[in-house]
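Here's the letter readout for the chains.
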Amino acid sequence: MSLLTLPKPDETILRRRDEIIRQLRKLVPSAVLITDHEGRRTFETDALTAYRCMPLAVVLPGSTEEVSAILRYCHDTKIKVVPRGAGTSLSGGALPLEDSIVLGISRMTRVLSIDEANRAARVEAGITNIAITNAAAVHGYFYAPDPSSQLACTLAGNIAMNSGGAHCLKYGVTTNNLLSVRMVLMNGEVIDIGGDYLDAPGYDFLGLITGSEGQFGVVTEATVRLLKAPEGARPMLLGFDSSEAAGACVAGIIAAGIVPVAIEFMDKPAIQVCENFAGAGYPLDVEAMLIVEVEGSNDEIDALLGTIAEIAERYAPRVVRASKSAEESVSIWKGRKAAFGAIGQLSDYFCMDGVIPLSKLPEALTEVGEICRRHRFRVVNIFHAGDGNLHPLILYNANDRAELERAEMCGAEILKLCVKLGGCLTGEHGVGIEKRELMRVQFTAADIAQQMRVKGVFDPDWLLNPAKVFPLEGRERQ
């Protein structure tokens, strides 16, 4: 039996289901409305597939105006709403409730404008992450945040979870690359936050909204910052005899004042699975591997990779291999980008998401291994090592409910370790349902109460993305 619970549905809302569907059909006739059993099953879970719940209905609007009309109706009739992008959340952030409707914005995918002079793009929030960069590439620019799911994940979901990616070490996560949003509040009001340039006047509500996990409103449009494409970029493979040595090398690179574009970590199980899946040419005789990428002119790249190789020598690497061609660079990243899909062929898994100080990386890797052995689970480590964002993958059998409970306990212990080492519960996946009850590990009761008060300002009736982020106990008192 799972340790995570959902609140009991409102029977009054369930009895009104047919009426609600009729009203939605009248209200937004051009929106896609999914009400049949099989259609709704598509939306009963997200990428945290251990948990499922069939929603009341699913509505896919095509404009900000339709989103506004839907939310106004749900506000007036007290119907819960779960915003959804592409459903790639690994924390259960888009998990519906039985008495909620799912409001998906995946039809809203237009590039509204690209402003080359100000290096910005205005887009609808249902656009995929990779589509923004593809649109900007024509003009010689790119959009920096690049989650592993960038082929599928939407900008709206990236904003909700403040997503990062392999290249966030140098360029920052979503909040560092977002200029403005158009957001629809639960009562249907449409507001614009931010501007077409950095540091818009007024309070930094944009920083508050980014990472708010759909608790405040539904983002329908956004202006994102574009960056000039670099002259060149090249990765290097470093293989080590232990995860601890690889972790120490990461700390050594950062301590030397070098800021690569990315530093990615893979342990031996991850290397083997990804090599079998992608044929990337990874060394199979090492215990841990780093992918370190730098960018600039050819001379700059050669100098940086040379310095990194010298630093790595302190930690006795078994393999030091710098990419020599564009094809080799693509191959190196192909294995890393395919990692989660490759491991999904091997086993069901919980992809954890915690952050620790870089100086604690070797200790954290040792402890994570011990925790998983104690709970009798195999673990695969793949993560953004440069910013201390850990992603241990706990391999388990999703069809065994007792094993699911053990996996939850194992994951909770790993996240508690992150906090104990001076880090935090989440780096880029968000809290969702997965870490909801662990919020008390990192925050005091007063901290949580203050956060809940902010939520109440935007959504007084707590209808948006219910049962997420905040512990269930104490909500009624709040």
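Residues numbered from 1 in each chain as written. Predicted model: local features only at pLDDT ≥ 70, side-chain atom pairs only at ≥ 80, totals over all residues. Heavy atoms only, no water.

Attention now goes to the sheet that holds strand β8 (residues 178-184). Spatial strand order, β5-β6-β10-β8-β9: five strands in an open sheet with antiparallel pairing. Strand pairing shows two members of the sheet lacking a second neighbour, β5 (111-115) and β9 (190-194), which therefore form its edges. With direction set aside, neighbouring strand axes in the sheet form an average angle of 10 degrees. (Pairing = 2+ DSSP bridges. Helix = DSSP H or I, 4+ residues; strand = E, 2+ residues; numbered from the N terminus. Axes fitted to C-alpha atoms, helices over the stretch in contact; angles between N-to-C directions.)

If you check helix α9 (residues 243-255), its first and last C-alpha atoms are 18 Å apart, about what 13 residues at 1.5 Å a residue would give, namely 18 Å. Every buried residue of α9 is accounted for by Ser 243, Ala 245, Ala 246, Gly 247, Cys 249, Val 250, Gly 252 and Ile 253. On its buried face, α9 is in contact with β12 (233-240), β13 (262-267), β14 (288-295), α11 (298-312) and α14 (361-374). Once α9 ends, the next one or two residues include Gly 257, with phi positive near 85 degrees. (Expected span 1.5 Å × (residues − 1). Buried < 20%, exposed > 50% of the residue type's maximum accessible area, 1.4 Å probe, protein only. Contact = heavy atoms within 4.5 Å.)

Ordered in space as β1-β2-β4-β3, the four strands form an open sheet in which the pairing is mixed. Across the chains shown, the open sheet's two edge strands, defined by having one partner strand only, are β1 (32-34) and β3 (80-84). Going across the sheet, the axis of each strand differs from the next one's by a mean of 20 degrees, ignoring polarity. Relative to strand β2 (residues 57-60), β1 runs antiparallel, the two sharing three bridges. For Leu 33, the partnering residue across the bridge sits in β2 and is Val 59. Contacts between helix α4 (residues 64-77) and the sheet are confined to β2, β3 and β4 (100-104), with β4 contributing the most and set at about 165 degrees to the helix.

Here we come to the packing of α14 against helix α15 (residues 401-420). Think of two packed helices as two axes; the pair is described by the angle between the axes and how far apart they sit. Running from N to C, α14 and α15 point in directions that differ by 160 degrees, and their axes come no closer than 10 Å. The angle between the axes of α14 and α15 places the two elements in the roughly antiparallel class. Note that α14 runs across α15; the crossing there is right-handed. Contacts between α14 and α15 involve Ala 364, Glu 367, Val 368, Ile 371, Cys 372 and Arg 374 from the former and Cys 410, Glu 413, Ile 414 and Leu 417 from the latter. Here the residues of the contact of α14 with α15 are counted per class, giving seven nonpolar, no polar and three charged. (Parallel < 35°, antiparallel > 145°, perpendicular 65-115°, else oblique. Left-handed = near helix turned anticlockwise from the far one by under 90°. Nonpolar A, V, L, I, M, F, W, Y, C, P; charged D, E, K, R; others polar.)

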